[in-house]
Amino acid sequence: MTRISRRIGAIAPSATLIVDAKAKALKAEGKPVIGFGAGEPDFATPDYIVEAAREALNDPSNFRYTPASGLLPLKQAIAAKTLRDSGVEIDPSQILITNGGKQAVYEAFATVIDEGDDVLLPAPYWTTYPEAIRLAGGNPVEVFAGSEQDYKVTVEQLEAAYTPATKALIFVSPSNPTGAVYSPEETEAIGQWALSKGIFVITDEIYEHLTYDGVPFTSILKAVPALADTCVVLNGVAKTYAMTGWRVGWMFGPKDVIAAASNLQSHLSSNVNNIAQRAAIAAVAGDLSAVEEMHTAFDRRRKAIVEGLNAIEGVHCPTPKGAFYVYADVRELLGKEIAGKRPETSAELASVILDEALVAVVPGEAFGPSGYMRLSYALGDEDLAEGVARLQKLLGSAR
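Below, the structure is looked at part by part. (Residues numbered from 1 in each chain as written. Predicted model: local features only at pLDDT ≥ 70, side-chain atom pairs only at ≥ 80, totals over all residues. Heavy atoms only, no water.)

Taken together, the side chains of Ile4, Ile8 and Ile11 make up a nonpolar region of the molecular surface, amounting to roughly 250 Å² of accessible area. Among the structural elements, Ile8 can be located in helix α1 (residues 6–9). The partly exposed category is assigned to Ile8, whose relative accessible area is 43%. (Patch = residues over 30% accessible without salt bridge, like charges linked within 9 Å, V, L, I, M, F, W, Y side chains within 5 Å. Areas by Shrake-Rupley, 256 points an atom, 1.4 Å probe, with all protein chains shown as cover. Salt bridge = Lys/Arg side-chain N within 4 Å of Asp/Glu carboxyl O. Helix = DSSP H or I, 4+ residues; strand = E, 2+ residues; numbered from the N terminus. Buried < 20%, exposed > 50% of the residue type's maximum accessible area, 1.4 Å probe, protein only.)

Attention now moves to the packing of aromatic side chains. Geometry of an aromatic ring pair is reported as the spacing of the ring centres plus the angle between the planes. On inspection of all chains with the given rule, the structure shows 13 aromatic pairs. Arranged with centres 6.1 Å apart and planes meeting at 90 degrees, the rings of Tyr162 and Trp193 form a pair that is edge-to-face. Placement of Tyr162 in the loop between α7 (155–161) and β5 (166–172) and of Trp193 in helix α8 (residues 184–197) is noted, with a sequence separation of 31 residues between them. Residue Trp193 is classed as buried on the basis of its relative accessible area, which comes to 6%. When the centroid spacing of 4.9 Å and the interplanar angle of 50 degrees are considered together, the rings of Phe171 and Tyr182 count as tilted. Of this pair, Phe171 sits in strand β5 while Tyr182 sits in the loop between β5 and α8, and the two are 11 residues apart along the sequence. (Phe/Tyr/Trp six-rings, centres within 6.5 Å; stacked < 30°, edge-to-face > 60°.)

Taken together, the three strands give an open sheet; going across it, the order is β9-β12-β11, and neighbouring strands pair in antiparallel fashion. Since the sheet does not close on itself, it has two edges, and those belong to β9 (325–329) and β11 (362–363), each with one partner. Across five bridges, the pairing between β9 and strand β12 (residues 372–376) is antiparallel. The residue of β12 that forms the bridge with Val326 is Leu375. (Pairing = 2+ DSSP bridges.)

If you walk through the whole model with that rule in mind, you get two cavities of 30 Å³ or more. Of the volumes computed, that of the largest cavity is approximately 130 Å³. For the largest cavity, the lining is made up of 16 residues, of which Pro122, Pro124, Val172, Ser175 and Tyr182 are closest to its centre. Of all elements in the fold, only β3 (118–123) and β5 reach the threshold of two or more residues within the lining of the largest cavity. Here the lining of the largest cavity is composed, by residue class, of 13 nonpolar, three polar and no charged. Considering only enclosed or pocket space, the second largest cavity measures out at about 30 Å³ in volume. Elements that contribute at least two residues to the lining of the second largest cavity include exactly α4 (72–86) and β8 (249–252). The greatest single-element share of the lining of the second largest cavity, amounting to three residues, is contributed by α4. In terms of residue class, the lining of the second largest cavity is made up of two nonpolar, three polar and three charged. (1 Å grid on protein atoms, 1.4 Å probe; cavity = no way out; pocket = protein on both sides within 12 Å on 5 of 7 lines; lining within 4 Å. Points joined across faces, edges and corners; volume = space filled by probe spheres on them. Nonpolar A, V, L, I, M, F, W, Y, C, P; charged D, E, K, R; others polar.)

Below, the structure written as structure tokens:
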């Protein structure tokens, strides 16, 4: 008899958090580490959101249990925000407020996936998706699109991976880890394909406000309204409003799915922190001027990091159209001598980079096949420039 259940023991640790923790530990030792690992905006939460939390502390009703599915005013604000930003009309009863976006991911899969169900998982993927699928008893079926496809899967690839056991498709645009954004036409084509198969679409829209070069965000539910009965949308305040530590996310979808997920949450964690919920109301109901300021900085950094990485021989970095990540193809560097070592995988290469250049990146193995590196540009301009310069010096010596 094992002490740890097989289900929990099989969960892989979050590679992004491991890299971030190692970088922070080295910093604590006084090492000048530059961290491109964690997907966390370096901006402070906007003042008007923080002020809403302060005001909420003066209301004793916030010190009590509230409905497990979330405060009605927040649900109403999210419904209004969804119509404003996505053109999708939903009722507050279709919304469940969760403890951050990760809980929404877990509960979505736990609610619709049964033991043995296949879930199509476009790769590169965010590291939590396959673990949440497995926890629900499902089988993640990777569908890989490389840099030559700008990391975007096609309907033909999805069709080739489909089986009678397929229950759902995860669709993420803009993407973590690649920054890829599907066009309106590509989004509609994938949505129509999923509709024709009668499978669920679980779509993560947490980077909806972070697109560049005039590329629009397109909600798959807006592109294919007929998916309303088989589409679960995940979102949260963490990325758009620099609120990663506030832990407020949400999911919306068919009423029966949301009711079942709310029942799960009533046993799992009950209501989300009420002060954070009140702050989230201010975030989603407010204008996007503070978001635009962050967007401008991200866009500047995006251009700088792409130019800097593509200046390194052996590195191919497509220009991302969304989120705040680049996903560099480093396959040409593998097997070459770098600082007296010959890394054969991107995990080994990331280790060399951290040891020799004191730069933390996340290797492709965290998101799918080896041969790639994710770098977040959600860090200060000076750190970004210094980190890229170190990478150029180290990787430019590859022989």
